[in-house]
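Here's the letter readout for the chains.
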Amino acid sequence: GPTSDAALKQRIGASPASIDASADALRSVRAGVLRAVTDIDDLAELAPGICEELAAWPGVVHAALFRTSESGDSTLAAQHSPAGIDIARAGPGFPGFIAAATGELVLLDAPEKAGDPELAIALHDFGVAMVVAAPLPARGPGAPQGSISLMFAQAHQLSPGSLAAL
């Protein structure tokens, strides 16, 4: 059934004001999302609320949740951006799609490293300096459930250990 905002906030964890945009915060975000989706049969049910909560974190200008179907196709399940960013037309080279398809963390620490000039220009135009996408592991064997993607207005330095924890 529907989940209240209070219940969603409780499942995700700490409030945005209590955590800065650091590696520890990113680990907390991912862990909170995993807790929130553990008992949910339909990820789409919580996706809009999860994105809204994640986008409220300091420094985040856009949050998205990607869902992977049983056939392996990834789609944008929900997104939220206080900056008005819309990635509905993002292609398969977008970090959220890559993380959902591969099950690997994707860190784009500078838009020009995207490998796609159009994506790099769009990210610059949106004022995005960094994108981090982390897969949502499968409940059993198989492909990830999807991924979460966070866009930041400023790049953050993450240690190899912090990246591995994501």
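It should be noted that the structure appears before, not after, this text.
Computed from a predicted model, the values in this text were never measured in an experiment. (Residues numbered from 1 in each chain as written. Predicted model: local features only at pLDDT ≥ 70, side-chain atom pairs only at ≥ 80, totals over all residues. Heavy atoms only, no water.)

Moving on, we come to the overall build of the chain. When helices and strands are tallied, the chain shows six helices and five strands. Across the chain, helices and strands are ordered from the amino to the carboxyl terminus as α-α-α-β-β-α-β-α-β-β-α. Across the 166 residues of the chain, 42% fall into the buried class. Residue pairs in contact within the chain that sit at least 24 positions apart in sequence constitute 59% of those at least 6 positions apart. Of the roughly 8200 Å² of accessible surface on the chain, 52% is carried by carbon and sulfur atoms. (Helix = DSSP H or I, 4+ residues; strand = E, 2+ residues; numbered from the N terminus. Buried < 20%, exposed > 50% of the residue type's maximum accessible area, 1.4 Å probe, protein only. Contact = heavy atoms within 4.5 Å. Areas by Shrake-Rupley, 256 points an atom, 1.4 Å probe, with all protein chains shown as cover.)

Here we come to the sheet that holds strand β4 (residues 130-136). Strand order in this open sheet of five strands is β2-β1-β5-β4-β3, and the pairing throughout is antiparallel. Whereas interior strands pair on both sides, the edge strands pair on one side only; in this sheet they are β2 (74-80) and β3 (106-108). With direction set aside, neighbouring strand axes in the sheet form an average angle of 15°. The pairing of strand β1 (residues 60-68) with strand β5 (residues 146-152) spans seven bridges and is antiparallel. Among the inter-strand pairings, Ala63 is bridged to a residue of β5, identified as Leu150. (Pairing = 2+ DSSP bridges. Axes fitted to C-alpha atoms, helices over the stretch in contact; angles between N-to-C directions.)

Under the definition given, this model contains two aromatic pairs. Aromatic pair Phe66 and Phe94: ring centres 5.9 Å apart, planes at 35°, arrangement tilted. Of this pair, Phe66 sits in strand β1 while Phe94 sits in the loop between β2 and α4 (95-102); the two residues are 28 residues apart in sequence, bridging distant segments of the chain. Of the two residues, Phe66 and Phe94, neither departs from the other in class, the shared state being buried. In this structure an aromatic cluster arises from ring pairing among Phe66, Phe94 and Phe97. (Phe/Tyr/Trp six-rings, centres within 6.5 Å; stacked < 30°, edge-to-face > 60°.)

This paragraph deals with the layout of surface pockets. Quantified by volume, the largest pocket comes out at close to 300 Å³. When the residues that make up the lining of the largest pocket are grouped by side-chain class, the tally is eight nonpolar, two polar and four charged. (1 Å grid on protein atoms, 1.4 Å probe; cavity = no way out; pocket = protein on both sides within 12 Å on 5 of 7 lines; lining within 4 Å. Points joined across faces, edges and corners; volume = space filled by probe spheres on them. Nonpolar A, V, L, I, M, F, W, Y, C, P; charged D, E, K, R; others polar.)

So, on to the pairing of β5. In terms of burial, β5 is largely enclosed, as seven of its seven residues are buried. Judged by which residues are buried, β5 turns out to be covered on both faces: Gly146, Ile148, Leu150 and Phe152 on one side and Ser147, Ser149 and Met151 on the other are all buried.

Attention now moves to α4. Burial in α4 covers these residues: Pro95, Gly96, Phe97, Ala99 and Ala100. Next to the buried residues of α4 lie β1, β2, β3, α5 (117-126), β4 and β5. Gly103 lies just past α4 and shows a positive phi near 75°.

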